[in-house]
Every structure is written in C-alpha cells, then in structure tokens.
Amino acid sequence: MGKKRKRPGINLSRREFLAGAGGISLAVASQIARGQEGAWPPERPNILIIITDQLAQQAVGAYGDRWAQTPNIDSLAAKGVRFSKAYTNCPLCQPSRASFWTGRLIHETGVDSNGMNYPVPTLPESLPTLGAIFAAGGYETVHFGKQHDAGSLRGFKRVKSQEVELETHPAWPVNYDSKQDPYTAEKCVEFLKQPHKKPFLAVASLNNPHNICGWVEANAGVHEDIKPPVDLPPLPDNFEIDDLQNRPLPIQYLCCSHRRLAQASRWNETNYRHYLAAYYHYLSLADAQIGRILDALDSTPEARKTLVVFFSDHGDGMASHRMVTKQVSFYEETTRIPFIFAGWGVKKKGKLIQEPLVSLLDLLPTLCDYAGLPVPEGLHGESLVPWLEGERPEKRAEYVVSQWQTEWGYTVSPGRMIRTDRYKYTRYLEGDGEELYDLENDPGEKRNLIKDPEYAVALREHRALLEQHIEKTADPFFNLTVKADKRWRSHPLGYWNHRGPSAPEAAWLEKEKKK
Ligand code: ZN
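Cut-off values and rules
Residues numbered from 1 in each chain as written. Predicted model: local features only at pLDDT ≥ 70, side-chain atom pairs only at ≥ 80, totals over all residues. Heavy atoms only, no water. Donors = N, O, S within 2.8 Å, 3.2 Å for Na, K, Ca; no water. Tetrahedral: all angles 85-135°; square planar, octahedral: opposite > 155°, others 65-115°. Disulfide = S-S within 2.5 Å. Buried < 20%, exposed > 50% of the residue type's maximum accessible area, 1.4 Å probe, protein only. Core = buried A, V, L, I, M, F, W, Y, C linked by side-chain atoms within 4.5 Å. Helix = DSSP H or I, 4+ residues; strand = E, 2+ residues; numbered from the N terminus. Contact = heavy atoms within 4.5 Å. Salt bridge = Lys/Arg side-chain N within 4 Å of Asp/Glu carboxyl O. Axes fitted to C-alpha atoms, helices over the stretch in contact; angles between N-to-C directions. Parallel < 35°, antiparallel > 145°, perpendicular 65-115°, else oblique. Nonpolar A, V, L, I, M, F, W, Y, C, P; charged D, E, K, R; others polar. Pairing = 2+ DSSP bridges. Polar contact = N/O pair within 3.5 Å; in protein donor to acceptor, adjacent residues only side chain to side chain. Left-handed = near helix turned anticlockwise from the far one by under 90°. Phe/Tyr/Trp six-rings, centres within 6.5 Å; stacked < 30°, edge-to-face > 60°.

**Side note on the coordination of the zinc ion**
Part 1: Protein coordination at the zinc ion: the donors are Cys255 (SG), Cys256 (SG), His491 (NE2) and His498 (ND1), at 2.1 to 2.3 Å from the metal.
Part 2: The coordination sphere of the zinc ion comprises 4 donor atoms, whose angles at the metal cover 98 to 127°; the geometry is tetrahedral.

Next up, the structure:
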C-alpha cells in the first residue's frame with residue numbers, strides 16, 4: 001500500500017500540489033501573471049541534469065567502489081536516492097542519448113549507431129523530446145557540453161563546448177574529452193548564477209571518463225614505460241573469461257569488431273591495471289567539474305527548488321572479461337549505470353533503492369510527471385516519482401532491456417538483453433548466440449548457463465519474455481541483417497590471439513590505399 005499523501009501545504013506530494021494548482025497551464029499562467037518566482041513550495045521546480053559519458057555504476061564511490069575518487073557525486077548521492085538496478089538502453093553514446101532524450105527504444109528512434117559507415121537518420125520530428133516537452137511547458141531549456149544526439153536535443157538551447165588547456169601527468173594524456181569539460185562546467189555555472197524568470201531544465205553533459213578511449217589508443221599494444229603516480233587498482237575477479245568457447249560469436253571475436261579492444265588485445269595484466277588507474281583518473285576530472293556545478297547551484301536561492309538528476313549514457317568494461325570501453329556486450333560493467341536523484345521533492349537522504357528494475361527509458365516519464373507535464377503516449381518506461389517520494393510501489397517493471405546494433409557499421413551484429421530481478425538473458429542474431437547469467441549467484445557473469453540443464457526453466461522463461469517484448473514493441477530484431485566478415489571471426493579464441501587491425505581500422509586502411 002502506498003502511503004497516504006493528503007496533507008496540507010508543504011507536505012503535499014509535488015504531483016498533488018501541481019494537480020491542486022490546476023495542472024500545467026494554470027500553474028504556468030498564474031506564475032507568469034503574478035510574477036511568483038521564488039514562491040514556496042515551488043509550483044514549477046527547476047531540474048538540473050548532469051551526465052557523464054561512459055561511467056559504470058560500480059566505479060562510483062557512492063555505489064561502493066573503493067578506488068573511486070568521486071566526492072562530489074557521492075555527496076549528491078548522500079542528499080538523495082540512487083537506484084541500484086539501473087540500466088542503459090544501448091551501450092553506445094549516440095543511440096543511448098537519442099533513446100533517453102525521447103524515452104524510446106533504439107529501433108523506435110532509428111538512431112541505432114554512431115554512424116560513420118552506417119546511415120543514421122535524424123530523429124523523426126514526430127517523436128517528442130524531453131527538451132521540446134519542457135520548452136512547450138514553460139521551461140527555459142538549455143544544454144551545455146557533449147551533444148552527439150542525432151536531433152534528440154530538439155527543444156534545448158544548445159551551448160557547444162570549447163577546449164581549454166590543461167596540465168596533465170604523462171601517464172594520463174588528455175584529449176578533447178578532458179579539455180572541453182571545464183568549459184561546459186563554466187558555462188553551466190554562469191547560467192545557474194543568473195537570475196531566472198522561468199523555471200529551468202538545464203543539462204551539463206560532460207565527456208569524462210570517456211577520455212579513457214583516447215588513452216587506449218595512446219597505449220595500444222603492450223606498454224612498459226608508463227608510471228601512473230598512484231597505486232594500481234587490482235584486476236576485477238571477473239577479469240578472465242573462463243568459458244569463452246561458450247559465449248556468443250560477437251563476444252568471442254569482440255576484439256575483431258571493436259577498435260579499442262583490438263588495441264588492448266595484447267595487454268598484460270599490469271597494462272589492464274594501468275587502464276583502471278587512468279579510468280579512475282578521468283572519472284575524478286569529471287567529478288571535480290560536477291563539484292563546481294553543484295557548488296554554483298548551492299550558492300543560489302534556486303537550489304532549494306531544484307531537482308538534480310545524475311546518470312551516465314552507458315558504462316565501461318573496466319577490465320571485466322578483459323574488456324575495455326563499451327559496445328556489443330551487455331555485461332554489468334557496460335550496461336549498469338549510476339542513476340541518482342536529489343533535491344526538491346526527493347524524500348529520502350542517502351538511500352540506495354534496490355528493488356525496482358529501472359532504465360534510462362524512465363527518465364522522460366519521470367521528469368514529465370515530476371514537473372506536471374504531459375507524458376507522451378506509447379512509452380515503455382515509467383515514472384519513478386513515487387520512489388523519489390519515499391513510496392514503494394507494488395507494481396514494478398518485470399524486466400528492463402538493452403539493445404545493440406553496430407558502432408560504425410563495419411560489423412553489424414544485432415543483440416538484445418533482458419534483465420529480470422535475478423537473471424540476465426542476451427540474444428545475438430549472429431550464430432544464434434545466447435547468454436543466461438544468474439546475477440544472484442554470479443554477479444560477475446562468469447558462467448554462461450545457456451547449456452546448464454538446471455537452468456532450463458529460467459532459459460525457457462527468458463526466451464519467451466524476450467519474444468513477447470519484441471512483439472509488444474514491434475522490434476524488428478529477428479528480421480535484422482547480420483554483417484560479419486569471416487575474416488573477423490577466424491583467429492584462435494582469445495582476445496590475446498588477435499593480430500593486426502580490427503574491422504573498422506582495416507576498412508579505413510583499405511580506403512586510404514585507394515586514395
Ligand atoms: Zn580478434
């Protein structure tokens with residue numbers, strides 16, 4: 001049973017308050033007409049969204065990581081709630097972003113890759129975006145920093161980032177990722193400190209810890225000569241894949257279709273630990289910028305009527321299963337993301353919400369519900385506002401999903417993930433590959449149970465669940481085309497047996513030769 005929420009004044013839930021004020025149009029109209037900025041409680045709370053790129057949930061201090069230096073994310077978490085079973089809808093930047101800005105799956109947005117050698121349409125005008133909904137609802141909508149959105153930032157005034165020079169340690173070279181973030185933060189800080197005539201929806205979209213991708217390129221192959229100025233983090237206990245022969249083809253040959261994993265394929269264990277040290281370093285750079293933004297907000301009167309939302313577009317392999325960066329695989333490190341809400345309307349402080357399965361598809365319905373704005377029809381996510389208000393709804397999503405198509409089109413190997421309370425089931429079209437993990441007993445996804453007779457019932461149930469989901473969402477998954485050149489499925493198993501370039505690099509080399 002949900003708690004009763006019929007109390008007067010400030011104890012009204014935010015939704016009841018909005019409903020009592022006559023819904024959106026009246027609330028906006030009365031606020032504008034009477035100049036009621038600063039009224040308390042706020043009829044139209046502000047929302048500040050902070051996004052990192054490529055941050056695994058497990059790398060955040062507030063989620064239990066002992067090596068992380070994330071004091072600012074942690075202090076935000078201490079002021080609000082953080083969801084544990086939180087997933088991205090695609091472990092790749094652009095498709096993930098187009099998905100969470102619209103609340104749609106990647107086969108609905110059509111934005112299913114990063115493009116390059118693969119056609120990516122601009123988001124259809126018919127799909128409402130978060131920015132457009134809030135702009136129409138009377139909000140000032142502004143976005144700072146990384147875009148990579150294929151049109152899904154429609155409705156936001158966008159402020160592009162610029163690079164600033166940074167001092168750096170030789171073990172941790174910086175590229176545009178690290179150089180842009182201070183500018184993004186600075187512009188967001190300036191915005192927060194201005195007086196505001198309307199409630200705002202502001203987004204600070206940081207690049208880091210994505211600089212780790214450039215770090216892999218800079219450290220391709222075995223490297224002996226770098227000396228990070230820190231104790232090296234240990235390898236995770238799921239560093240090795242002991243049953244690689246029992247994994248789907250796209251996982252077995254991930255080194256061949258994934259440029260970064262090809263660059264890392266010959267690394268020794270120390271090199272992987274260098275990787276982790278660098279990853280934590282780039283994360284700490286992002287955290288410092290988050291601190292600037294949160295301090296700026298806290299210095300203004302708007303702070304008390306602002307909801308702060310923090311998440312990442314996807315995670316990072318973090319040396320689990322010998323993987324670096326992201327894409328193709330749906331392992332916890334790449335798909336499970338931090339998802340934190342704090343500020344006006346969030347009742348609990350420092351709470352880890354473990355029960356519900358949530359995903360970035362829930363972002364748009366949650367924020368619309370929170371602000372009393374209409375939620376578009378046909379969305380698969382649901383509002384998390386009851387959880388923010390300290391309730392424990394009995395009806396919860398039975399599963400969350402994630403989808404994969406391709407990074408740049410050189411290898412196309414469509415996959416789907418279904419995550420239920422206890423299990424994770426994946427299916428790849430290529431070679432009919434499947435995985436089943438019992439996350440209660442095997443959180444590191446070390447043993448694929450697909451051939452284990454003890455799990456035959458769970459397997460049957462999850463196959464059926466995926467099929468139902470595909471039908472329900474008109475997902476063309478089973479009719480998609482696989483494109484995987486045999487050359488990239490041929491070396492002896494093991495990423496360390498990879499030789500030469502990956503498929504994307506080989507394609508570029510061929511193109512260069514023809515020039
Ligand atoms: Zn390979």
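**A short note on the state of the cysteines**
Part 1: All chains considered together, the criterion is met by 0 disulfides.
Part 2: Cys93 provides the cysteine sulfur closest to Cys213, a residue in no disulfide bond, and the two sulfurs are 7.3 Å apart.
Part 3: Cys213 sits in the buried class, given a relative accessible area of 5%.

**Re the nonpolar core**
Part 1: The biggest cluster of nonpolar side chains holds 83 residues, and the ones touching the most others in it are Leu48, Ile50, Leu192, Trp215, Ile293 and Tyr495.
Part 2: Considering every element that reaches this core, the biggest residue donor is helix α12 (residues 269-298), with 13 residues.
Part 3: Not counting residues within four places of it along the chain, the set of residues in contact with Leu192 comprises Leu48, Phe200, Ile293, Ala296, Leu297 and Thr300.
Part 4: Core analysis: the next-biggest nonpolar cluster, separate from the first, contains 39 residues, Ala86, Ile133, Leu367 and Leu373 among them.

**Thoughts on the pattern of salt bridges**
Part 1: The full count for this structure, using the stated rule, is 28 salt bridges.
Part 2: The partner of Asp53 in a salt bridge is Lys146, with the nearest N and O atoms 2.6 Å apart. Residue Asp53 is found in the loop between β1 (46-52) and α3 (71-78), and its partner Lys146 is found in the loop between β4 (140-145) and β5 (157-159); the two are separated by 93 residues along the sequence.
Part 3: Classification of Asp53 by relative accessible area gives buried; the value is 0%.

**Quick word on the packing of helix α7 (residues 176-193) against α12**
Part 1: Following both chains from N to C, one finds α7 and α12 inclined at 10°, their axes separated by 8 Å at the closest point. In this view, α7 runs roughly parallel relative to α12, as classed from their interaxial angle. Within the contact between the two elements, α7 uses Ser178, Asp181, Pro182, Ala185, Glu186, Cys188, Val189, Leu192 and Lys193 and α12 uses Tyr282, Leu285, Gln289, Arg292, Ile293, Ala296 and Leu297.
Part 2: Residues that form the contact of α7 with α12 fall into these classes: 10 nonpolar, 2 polar and 4 charged.

**Here we look at the sheet that holds strand β11 (residues 400-404)**
Part 1: Ordered in space as β11-β12-β13-β14, the 4 strands form an open sheet in which the pairing is antiparallel. Looking at which strands have only one partner, the edges of the open sheet turn out to be β11 and β14 (433-438). Here the average twist between neighbouring strands, direction ignored, is 10°.
Part 2: The strands that helix α16 (residues 456-472) touches are β11, β12 (415-419), β13 (423-428) and β14; relative to β13, the one it contacts most, it runs at about 60°.

**A few points about the environment of His380**
Part 1: Note that His380 resides in the loop between α14 (363-371) and α15 (385-388).
Part 2: When its relative accessible area of 31% is taken as the criterion, His380 is described as partly exposed.
Part 3: The spacing of His380 and Leu361 is 19 residues in sequence and 6.9 Å in space, taken between C-alpha atoms.
Part 4: Leaving out residues up to four positions away in the same chain, His380 has contacts with Gly103, Leu105, Glu108, Leu361 and Thr473.
Part 5: Side-chain polar atoms of His380 contact the side chain of Glu108, separated by 2.9 Å.

**Description of the packing of helix α8 (residues 211-218) against α12**
Part 1: Close contact between α8 and α12 brings their axes to 9 Å; oriented N to C, the two are set at 150°. Comparing their axes, α12 and α8 come out roughly antiparallel. As for the relative orientation of α8 and α12, their crossing is right-handed in sense. Facing Asn211, Ile212, Trp215 and Val216 of α8, the residues of α12 in contact are Asn271, His274, Tyr275, Ala278, Tyr279 and Tyr282.
Part 2: Taken together, the residues of the contact of α8 with α12 sort by class into 7 nonpolar, 3 polar and no charged.

**Looking at the packing of aromatic side chains**
Part 1: Under the criterion given, the structure shown has 20 aromatic pairs.
Part 2: Centroid distance Phe100 to Trp101: 4.9 Å. Interplanar angle 65°. Geometry classified as edge-to-face.
Part 3: Given the relative accessible area of 0%, Phe100 is considered buried.
Part 4: A residue is classified by how much of its surface remains accessible, and Trp101, at 2% relative accessible area, is buried.

**Re the pairing of β12**
Consecutive side chains along a regular strand alternate between the two faces of the sheet.
Part 1: Counting buried positions along β12 gives 5 out of 5 residues, so the element sits mostly inside the fold.
Part 2: Here β12 shows two buried faces, one formed by Gly415, Met417 and Arg419 and the other by Arg416 and Ile418.
Part 3: As paired strands, β11 and β12 are joined by 5 bridges and run antiparallel to one another. Its bridge partner lying in β12, Trp404 is registered against Gly415.
Part 4: Relative to β13, β12 runs antiparallel, the two being bridged by 5 bridges. Within the sheet, the bridge partner assigned to Ile418 lies in β13 and is Tyr425.
Part 5: From the end of β12 to the start of β13, which pair antiparallel, there are 3 residues.

Limitation: the analysis is restricted to geometry and does not speak to function.
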